[in-house]
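# Commentary on secondary and tertiary structure
Each chain is listed here by its residues.
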Amino acid sequence: MSSLAGRVAHPRLPVGPVRIGGFGGVEGLRTWLRENAIDAVVDATHPFAAQVSAHAATAAADLGIPAVHLRRPEWVQRPGDLWTRVPDLAAAAEALAAHDEQVLLTIGRQGVGVFAGCDRHRFVIRAIDAPTAPLPSRYELLLARGPFTFDDELVLMSRHRIDVLVTKNSGGEQTEAKIFAARTAGLPVVMIDRPPLPVDAVAVEEVDAALAWLHDAAAHRVR
């Protein structure tokens, strides 16, 4: 059973049964896991979905269900990258004070409201769906779904005369082209670090590793 949060209007659905929507916090998730006789939990949410990961870890632990957190590797700063690493969205907004006017904001639609008070800057906001939070006073909204090519990202940055890229360290190949493009164009990047995983979490970086973990969990259950 796959569960999607419902944050994207038209998601790409995985194979098999799918439920969409929240559970109602830890208690709701715990109830759902018990009522559906779930034997194992794979938390494969976005690396920045900290609350969902925390709820999954707590609910599984409460019921004695094994859980693993699947997190793709994060991007690593390479020679030529001009990164300013910050811990969260608020710190990213503050970091813009050191940068010029034109900002490419690629953090998804959630959290855009944090930048609403950055009146000195003009934002190109790229997201799959339109944000519902207050927006900066000067912005252009680009609704698009990746993956994006290196050439596309270079053209976008040039066309909009981007001075700085603000992004989350989500990792993964589908959206990494913007990192390559910023490096090639010599653009600074305000890179938002991932929130930590729950304490004592079992974590893997590849789908194959998650599958191996599942096989092992099933074998232990049979014994």
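This report concerns the structure included in the present document. (Residues numbered from 1 in each chain as written. Predicted model: local features only at pLDDT ≥ 70, side-chain atom pairs only at ≥ 80, totals over all residues. Heavy atoms only, no water.)

Turning our attention to the sheet that holds strand β8 (residues 139–143). In spatial order, the strands read β5-β10-β9-β6-β7-β8; together these 6 strands make up an open sheet with parallel pairing. With one partner strand each, in any of the chains shown, β5 (82–86) and β8 form the two edges of the open sheet. The mean angle between the axes of side-by-side strands here comes to 20 degrees, regardless of whether they run parallel or antiparallel. Both strand β6 (residues 102–106) and strand β9 (residues 164–168) contribute to a ladder of 4 bridges, which runs parallel. Within β9, the position partnered with L104 by the bridge is L165. Contacts between helix α5 (residues 177–185) and the sheet are confined to β5, β6, β7 (122–127), β9 and β10 (188–192), with β9 contributing the most and set at about 155 degrees to the helix. (Pairing = 2+ DSSP bridges. Helix = DSSP H or I, 4+ residues; strand = E, 2+ residues; numbered from the N terminus. Axes fitted to C-alpha atoms, helices over the stretch in contact; angles between N-to-C directions. Contact = heavy atoms within 4.5 Å.)

Time to look at the environment of F48. Here F48 lies in the loop between β3 (41–43) and α2 (50–63). Judged by its relative accessible area of 18%, F48 falls in the buried class. Each C-alpha atom, one on F48 and one on E173, is 17 Å from the other, the two residues being 125 residues apart in sequence. Apart from the residues lying within four places of it in its own chain, the contact partners of F48 are K168, N169, S170, I192, D193, R194 and P195. (Buried < 20%, exposed > 50% of the residue type's maximum accessible area, 1.4 Å probe, protein only.)

Attention now goes to the packing of helix α4 (residues 150–159) against α5. For any two helices packed against each other, one specifies the crossing angle of their axes together with the interaxial distance. Between α4 and α5, the shortest axis-to-axis distance is 8 Å and the interhelical angle comes to 55 degrees. One element, α4, and the other, α5, form an angle in the oblique class. The two elements α4 and α5 meet at a crossing, and its hand is right-handed. Mapping the contact onto sequence places F150, E153, L154 and M157 in α4 and A177, K178, F180, A181, A182, T184 and A185 in α5. (Parallel < 35°, antiparallel > 145°, perpendicular 65-115°, else oblique. Left-handed = near helix turned anticlockwise from the far one by under 90°.)

Across all of its chains, the model carries 1 cavity of 30 Å³ or more by this definition. In this structure, the largest cavity occupies an estimated 40 Å³ of space. Forming the walls of the largest cavity are P47, A49, A50, S53, R71, P195, P196, L197 and P198. Partitioned by chemical class, the residues of the lining of the largest cavity number 7 nonpolar, 1 polar and 1 charged. (1 Å grid on protein atoms, 1.4 Å probe; cavity = no way out; pocket = protein on both sides within 12 Å on 5 of 7 lines; lining within 4 Å. Points joined across faces, edges and corners; volume = space filled by probe spheres on them. Nonpolar A, V, L, I, M, F, W, Y, C, P; charged D, E, K, R; others polar.)

Once that is clear, we can look at a negative patch on the surface. Together, E74, E205, E206 and D208 make up a negatively charged patch on the protein surface. Residue position: D208 is located in helix α6 (residues 207–222). (Patch = residues over 30% accessible without salt bridge, like charges linked within 9 Å, V, L, I, M, F, W, Y side chains within 5 Å. Areas by Shrake-Rupley, 256 points an atom, 1.4 Å probe, with all protein chains shown as cover. Salt bridge = Lys/Arg side-chain N within 4 Å of Asp/Glu carboxyl O. Lys, Arg positive; Asp, Glu negative; His and termini not counted. Charge placed at Lys NZ, Arg CZ, Asp CG, Glu CD.)

Attention now moves to the environment of A130. Counting through the fold element by element, A130 comes out in the loop between β7 and β8. Overall, A130 belongs to the partly exposed group, its relative accessible area being 36%. Note: C-alpha distance between A130 and H69 (61 residues apart in sequence) is 29 Å. In this structure A130 touches R109, L141 and L143, once residues within four positions along its chain are discounted.

Let's shift gears to the side chain of D129. Mapping D129 onto the fold places it in the loop between β7 and β8. As a buried residue without a salt bridge, D129 has its nearest oppositely charged side chain in R109, at a separation of 4.6 Å. Those residues in contact with D129, other than ones at most four positions away along the chain, are R7, V8, A9, R109 and L143.

Here we take up the sheet that holds β3. Hydrogen bonding along the main chain pairs the strands of a sheet, whether they run parallel or antiparallel. Read across the open sheet, the 3 strands follow the order β3-β4-β11; overall the sheet is parallel. Pairing within the sheet leaves two strands with one partner each, and these edge strands are β3 and β11 (203–204). With respect to the sheet, α2 is in contact with β3 and β4 (67–70), its orientation differing from that of β3 by roughly 165 degrees.

Estimated volume of the second largest pocket: approximately 180 Å³. Along the walls of the second largest pocket sit 13 residues, with A57, I65, A67, D200 and V202 positioned nearest its centre. Looking at the lining of the second largest pocket, the elements that each hand over two or more residues are α2 and β4. No other element matches α2, which puts 3 residues into the lining of the second largest pocket.

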